[in-house]
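In case you want the letters, here they are:
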Amino acid sequence: MMLQTDAMFRTTALSVIGAVVVAIGIDLVRALVTGRRGEPGGRWRWTMRLSYSLTLLAVMVLAATALYGVFVRAGVEHWLLLAHVAAGGAFLVLLVVLALGWAGACRFDPSWRGSDRQGPGLERPGAERLPGFSLRTRIAFWAFLVTGLTTATTMLVSMLPVVDTDGLAQLIEVHRTSGLALVVIALVHAYFLLLGKLGME
């Protein structure tokens, strides 16, 4: 694997995040022009709202500490590293909670169509079945889990005496690349959820 220099990674991060922000802007314009295509999304149970909010907060702290270290300082160190590691531990626990609470609502079940898509975390008044998540929202959710698990696993493995110096360098490269992907996917997933709640998916 070719290792990126800090300058190369900064360029990659800016390019990727910028491209995603532009893509979201274009899609938002499309959604506003076409107007609503369905009913607003179903109401989440408080456990789903809490687990998602806390996980997103952990991702924001991880992104802020990592990007500050990359763009402003010479690296993630001292108190910045402590905050990053603390948020990483919380994120790993929250990722498991999120997976357990959201997996049912985000499964790829062909029997779920339109108003029949009903996850265990979606409340419904009486017998009414509320709409579930769109296909692209569910894809983003599973991509979020995969990148989150990859990001966390690389650091856990790096703490074990099983790799040499070159192996640690490779793990750091995978960690920051998957971490960048995690931040981007989290942004995209949150955007999809917002559209769904507004009935614009």
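Keep in mind that this is a model prediction, so the values were computed, not measured.

1. Remarks on the overall build of the protein chain
The number of helices and strands found in the protein chain is 5 helices and 0 strands. Along the chain direction, N to C, the helices and strands of the protein chain fall in the order α-α-α-α-α. Relative to its full complement of 201 residues, the protein chain shows a buried share of 36%. Put simply, 76% of the contacts in the protein chain that link residues at least 6 apart link residues at least 24 apart.

2. Brief notes about helix H5 (residues 165-197)
Quick reminder: α-helices carry 3.6 residues per turn. Residues three or four places apart thus point the same way. The end-to-end C-alpha distance of H5 is 47 Å, a good match for the 48 Å that 33 residues give at a rise of 1.5 Å each. Sitting at the head of H5, Asp164 places a side-chain oxygen 3.4 Å from the backbone nitrogen of Asp166. Just downstream of H5 lies Gly199, where phi reads positive at about 75°.

3. Side note on the side chain of Thr147
Tracing the backbone shows Thr147 in helix H4 (residues 135-158). Here Ala143 takes part through its backbone oxygen, which lies 2.9 Å from a polar atom of the side chain of Thr147. Dropping the residues within four chain positions of it, Thr147 is found in contact with Ser178, Ala181, Leu182 and Ile185.

4. Here we look at the pattern of salt bridges
For the coordinates displayed, the defined rule picks out 3 salt bridges. With a shortest N-O distance of 3.1 Å, Asp27 and Arg30 are connected by a salt bridge. Of the two residues, Asp27 and Arg30 both sit in helix H1 (residues 6-34), 3 residues apart, roughly one turn of that helix. Take Arg30: its relative accessible area is 28%, and that puts it in the partly exposed class. Between Asp27 and Arg136 there is a salt bridge, with its nearest N and O atoms 3.1 Å apart. Placement of the pair is Asp27 in helix H1 and Arg136 in helix H4, with a sequence separation of 109 residues. Since its relative accessible area comes to 28%, Arg136 is described here as partly exposed.

5. Quick word on the nonpolar core
Within the largest apolar cluster, 22 residues are counted, with the highest numbers of intra-cluster contacts made by Trp44, Phe91, Trp102, Phe133 and Phe144. Going through the elements one at a time, helix H2 (46-71), helix H3 (78-102), H4 and H5 are the ones with two or more residues in this core. Ranked by the residues each element gives to this core, the list is headed by H3, at 6 residues. Among the nonpolar cores identified, the runner-up in size contains 14 residues, and Phe9, Ala13, Val70 and Val184 belong to it.

6. Quick look at a nonpolar patch on the surface
On the surface, Trp46, Leu50, Leu54, Leu57, Met60 and Val61 cluster together into a nonpolar patch covering about 590 Å² of accessible area. Examined against the element boundaries, Val61 turns out to sit in helix H2.

7. Remarks on the environment of Ala83
With respect to the helices and strands, the residue Ala83 is situated in helix H3. Note: C-alpha distance between Ala83 and Thr65 (18 residues apart in sequence) is 7.3 Å.

8. Comments concerning the packing of H2 against H5
Between H2 and H5, whose axes approach to 10 Å, the crossing angle comes to 145°. Regarding H2 and H5, the two cross each other, and that crossing is left-handed. From H2, Tyr52, Leu56, Val59 and Ala63 reach across to H5, where they touch Val183, Ala186, His189, Ala190 and Leu193.

9. Points about the packing of H3 against H4
The axes of two packed helices give the description: the angle between them and the distance between them. One way to put it is that H3 packs onto H4 with a least axis distance of 10 Å and a crossing angle of 150°. Viewed along their axes, H3 and H4 adopt a mutual orientation that is roughly antiparallel. The crossing of H3 and H4 is left-handed. Here Phe91, Leu92, Leu95, Leu98, Ala99 and Trp102 of H3 come into contact with H4, specifically with Phe141, Phe144, Leu145, Gly148, Leu149, Ala152 and Leu156.

Rules used in this analysis
- Residues numbered from 1 in each chain as written.
- Predicted model: local features only at pLDDT ≥ 70, side-chain atom pairs only at ≥ 80, totals over all residues.
- Heavy atoms only, no water.
- Helix = DSSP H or I, 4+ residues; strand = E, 2+ residues; numbered from the N terminus.
- Buried < 20%, exposed > 50% of the residue type's maximum accessible area, 1.4 Å probe, protein only.
- Contact = heavy atoms within 4.5 Å.
- Expected span 1.5 Å × (residues − 1).
- Polar contact = N/O pair within 3.5 Å; in protein donor to acceptor, adjacent residues only side chain to side chain.
- Salt bridge = Lys/Arg side-chain N within 4 Å of Asp/Glu carboxyl O.
- Core = buried A, V, L, I, M, F, W, Y, C linked by side-chain atoms within 4.5 Å.
- Patch = residues over 30% accessible without salt bridge, like charges linked within 9 Å, V, L, I, M, F, W, Y side chains within 5 Å.
- Areas by Shrake-Rupley, 256 points an atom, 1.4 Å probe, with all protein chains shown as cover.
- Axes fitted to C-alpha atoms, helices over the stretch in contact; angles between N-to-C directions.
- Left-handed = near helix turned anticlockwise from the far one by under 90°.
- Parallel < 35°, antiparallel > 145°, perpendicular 65-115°, else oblique.

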